[in-house]
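Here is what each chain is made of, one letter per residue.
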Amino acid sequence: AQSVTQLGSHVSVSEGALVLLRCNYSSSVPPYLFWYVQYPNQGLQLLLKYTTGATLVKGINGFEAEFKKSETSFHLTKPSAHMSDAAEYFCAVSFSGGYNKLIFGAGTRLAVHP
Amino acid sequence: DVKVTQSSRYLVKRTGEKVFLECVQDMDHENMFWYRQDPGLGLRLIYFSYDVKMKEKGDIPEGYSVSREKKERFSLILESASTNQTSMYLCASSFSRGGPNTGELFFGEGSRLTVL
């Protein structure tokens, strides 16, 4: 069975500091991996995704993530946090041929302080 | 741009009432989904549909039903609302076929339901 684990339900960083949000998955078949962001009172917006090809994926707003098969990880990073990055972030996994059902992690709330 | 529209942003209902949550997408997507979002639990799949009149149970279907009479519309029904169904409900849609949007779900803004 597929599952997603996000380490840390709350992460707090200073403005300008590195952002690192951790995601590990389990999947018996090659996964598709996603990071979504949710701003207050809004739906989810895709940040980036990995389906095939290059394992380092760049997304919107300066975020990137690297698919590491040996570690079953897909951690999200951003070199320099901005106040506007404060939101909740969800990692998700699906697999080809599965009607695009996404299985989500529990989410990580990112706080950015001055 | 893809647009997924949920009919109500906020609803307050009483225990035992029948509740309809409506979702419409304008991108001719084959797949539509209803998720429930609760703090600390992330998003959990209630039901999904891969074609008109077709539906599949997700991980937490108990207490819910769905209807998809038209390709663009997917409704979530709570036959008899209970307080433990107080939650945020998110609708999403996606293509079935490949291409640049492979695997990507497009979400509505959510419907926050409170059952008293």
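Structure shown above.
Predicted model only: the values in this text are computed from it and were never measured.

Colleague: How do you make sense of the interface of chain B and chain A when you look at a structure like this?
Modeller: Interface size is commonly expressed as the accessible surface area that is lost when the partners come together. Across the boundary between the two partners, chain B contributes 26 residues, which contact 20 residues of chain A. Roughly 1800 Å² is buried in total at the junction of chain B and chain A, and carbon and sulfur atoms are behind 55% of that figure. At the junction of chain B and chain A, the tally comes to zero salt bridges. Taken together, the links from chain B to chain A amount to four residue pairs in polar contact (both at pLDDT 80 or more). If you list the elements that add at least two residues to the side of chain B that touches chain A, you get strand 4 (31-38), strand 5 (42-51) and strand 9 (87-94) of chain B. Counting residues per element, the side of chain B that touches chain A draws most heavily on strand 5 of chain B, which supplies five residues. Tallied by class, the residues present in the side of chain B that touches chain A amount to 13 nonpolar, ten polar and three charged.

Colleague: What am I meant to see in the sheet that holds strand 8 (residues 73-78) of chain A here?
Modeller: Across a sheet, strands are paired by hydrogen bonds formed along the backbone, either parallel or antiparallel in direction. All names here are of chain A. Spatially, 1-3-8-7-6 is the arrangement adopted by the five strands of the open sheet, whose pairing is antiparallel. Of all the strands in the sheet, just strand 1 (3-7) and strand 6 (56-58) have a single pairing partner and so form its edges. Direction aside, the axes of adjacent strands within the sheet are offset by 20 degrees on average. The pairing of strand 3 (residues 19-26) with strand 8 spans four bridges and is classified as antiparallel. Bridge pairing links Val19 to Lys78 in strand 8.

Conventions we followed
Just so you know, the residues in each chain are numbered from 1, in the order the chain's sequence is written. Chain letters and ligand numbers both follow the written order, the letters beginning at A and the numbers at 1. In view of the model being predicted, local features appear only for residues whose pLDDT reaches at least 70, and side-chain atom pairs are presented and counted only at 80 or more, with totals across whole chains, interfaces and linings using the full set of residues. Side-chain figures throughout are based on the complete set of non-hydrogen atoms in the structure, without hydrogens or water. A contact between two residues is defined here by any heavy atoms of the two lying within 4.5 Å. Accessible area, probed at 1.4 Å, shrinks when two parts are joined; the buried area is that loss added up over both. Put simply, a salt bridge is a Lys or Arg side-chain nitrogen that is within 4 Å of an Asp or Glu carboxyl oxygen. For this analysis, a polar contact is any N or O atom pair within 3.5 Å, provided that within protein one partner can donate a hydrogen and the other can accept it, and provided that sequence-adjacent residues contribute only side-chain to side-chain pairs. In this text, helices come from DSSP runs of H or I with a minimum length of four residues, and strands from runs of E with a minimum of two, each type numbered from the N-terminal end. Side-chain classes follow a simple rule in which Ala, Val, Leu, Ile, Met, Phe, Trp, Tyr, Cys and Pro form the nonpolar group, Asp, Glu, Lys and Arg form the charged group, and the remainder, Gly included, forms the polar group. Each pair of strands is called paired provided DSSP finds at least two bridges between the two strands. All axes here are fitted lines through C-alpha atoms, helices being fitted over the stretch that makes contact, and every angle between N-to-C directions spans 0 to 180 degrees.

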